[in-house]
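Summary of the model geometry
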Amino acid sequence: MSVLKSRPVLRWLVPVTAVATVIGGGAALGTFAAQAEPSLPPRTAAQLLVDLQTSRLEGLSGTVVQRADLGLPPLAGLVGGDGLTGLLTGTHTLRVWHSGPDRQRVALVDTLGEHDIVRNGRDVWAWNSRSNTATHRTLPEGTAGAQTPELPVTPGEAADRALAAIGPSTEVSVGRSATVAGRDAYELVLAPRDAASLVHQVRIAIDARQHVPLRFEVFADGSDKPAFEMAFTQVSYARPDADQFTFNPPPGVKVTEETAGRQPADAPGKRRADGERPDVRTVGESWATVVVARLDGAGAPADRPTTGGRAGNGPAGGPAALLGALPKVSGDWGSGRLLTGKLFSALLTDDGRLIVGAVTPERLYEVAKG
């Protein structure tokens, strides 16, 4: 069970997914370099977990740098895009502000424009200066403190999910102390014991005084450099001014009003009343969890023609179109296409299943067969 469940504020701290180009990259990235280890009083792993659970945070603002090197093949259309999409490669910088569970802001700026996500109470704004557009959504009554879907996953959330794996399948230890964004920090190390996992270690740097995650690193098997990392390069724990969370659309911006909670009856992936999605299921647990999704018409057999930028019957630009360009694989489980990186594997079977996990391809084949 995650120790951060009772501290939702900790799950917001550093966005993991964002689209931006490094601003002042030389100065920002320099803080990732190794520094002398600070001298800190000894803390056990159990004590660090308690620190995370009992911390109190009034506010936060700062700059975050994220880097990813997942070892993906150069598949056209797999990465990139405009907006808050999952980053699979490169280095990215953003500014964050946090003032309680109902006030958050993320600003992503590149050489071509700015993209902001702002939550202020029940109001959620998304602004894109490049397209000169903004969307506004009013959250339903009774959602105070609820997570805002538009905001990227955060390092606190990344830490939360990693900590949720703690159990017999995880070895927990204390690493070296570190200095992150000028703050002394302890390091909590999680190491999967499951041989099917592609993750070698997860390292979480925790502020020695404020007890919040300042850096999150994931190391793949066989590598001494993180395949994914995100860290504050500058941080302040002063509560940001209320004006930071007030968004006024600039002149000429096209504003779209969205209705929260509405979804067409025939929408793909529609959830049942109990919150479950009948077309998505999980197999296994902890580090070896595999997600299986049914993609209607998404199969891409080798003998099926590809026309108009589409692979098989899958939607243009969708998972089938992307994975359909990958090498064919087959076995006693069937056949399909395989995408592999340092930290995950994805299998699109010819019968329309997308099977994904931070596991070896062999584990995906087992799930496909089962």
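Just so you know, these numbers come straight off a predicted model, no measurement behind them.

1. Thoughts on the environment of Lys 369
Tracing the chain through its elements places Lys 369 in helix α5 (residues 361-369). C-alpha separation for the pair Lys 369 and Asp 332, spaced 37 residues apart in sequence, amounts to 7.1 Å. Excluding its chain neighbours within four sequence positions, the residues that come into contact with Lys 369 are Asp 332 and Trp 333. A distance of 3.1 Å separates polar atoms of two side chains, one belonging to Lys 369 and the other to Asp 332.

2. Some points on the nonpolar core
One recurring pattern in soluble globular proteins: nonpolar side chains tend to sit buried together. Counting 29 residues, the largest nonpolar core has Leu 188, Val 202, Phe 216 and Leu 343 as its most contacted members. Elements supplying a minimum of two residues to this core: α2 (45-54), α3 (155-163), β9 (183-192), β10 (199-207), β11 (213-220) and β12 (228-236). Discounting residues that sit within four places of it in the chain, Val 202 has contacts with Ala 162, Leu 188, Val 189, Leu 190, Phe 216, Glu 217, Val 218 and Trp 287. The next biggest cluster of nonpolar side chains, apart from the first, holds 18 residues, and it includes Val 64, Val 106, Leu 108 and Val 180.

3. So, the packing of aromatic side chains
A complete count under the given rule lists three aromatic pairs for this structure. An angle of 45° between the planes, with centres 5.1 Å apart, marks the rings of Trp 125 and Phe 247 as tilted. With Trp 125 in strand β5 (residues 123-128) and Phe 247 in the loop between β12 and β13 (254-259), this residue pair connects regions lying 122 residues apart in the sequence. With a centroid separation of 6.0 Å and an interplanar angle of 45°, the aromatic rings of Trp 127 and Phe 247 are classed as tilted. Of the two residues, Trp 127 sits in strand β5 while Phe 247 sits in the loop between β12 and β13, which places them 120 residues apart along the sequence. Phe 247 sits in the buried class, given a relative accessible area of 13%. Clustering of aromatic rings is evident, with ring pairs tying together Trp 125, Trp 127 and Phe 247. The ring of Trp 97 has Arg 105 sitting right over it, with the charged end atom 5.6 Å from the ring centre.

4. A look at α5
Among the residues of α5, those classed as buried are Pro 361, Arg 363, Leu 364, Tyr 365, Val 367 and Ala 368. In the core, the buried residues of α5 are packed alongside β14 (280-283), β15 (290-294), β16 (328-331), β17 (334-340), β18 (345-349) and β19 (353-357).

Quick notes on the rules
Residues numbered from 1 in each chain as written. Predicted model: local features only at pLDDT ≥ 70, side-chain atom pairs only at ≥ 80, totals over all residues. Heavy atoms only, no water. Helix = DSSP H or I, 4+ residues; strand = E, 2+ residues; numbered from the N terminus. Contact = heavy atoms within 4.5 Å. Polar contact = N/O pair within 3.5 Å; in protein donor to acceptor, adjacent residues only side chain to side chain. Core = buried A, V, L, I, M, F, W, Y, C linked by side-chain atoms within 4.5 Å. Buried < 20%, exposed > 50% of the residue type's maximum accessible area, 1.4 Å probe, protein only. Phe/Tyr/Trp six-rings, centres within 6.5 Å; stacked < 30°, edge-to-face > 60°. Lys NZ or Arg CZ within 6 Å of the ring centre and 35° of its normal.

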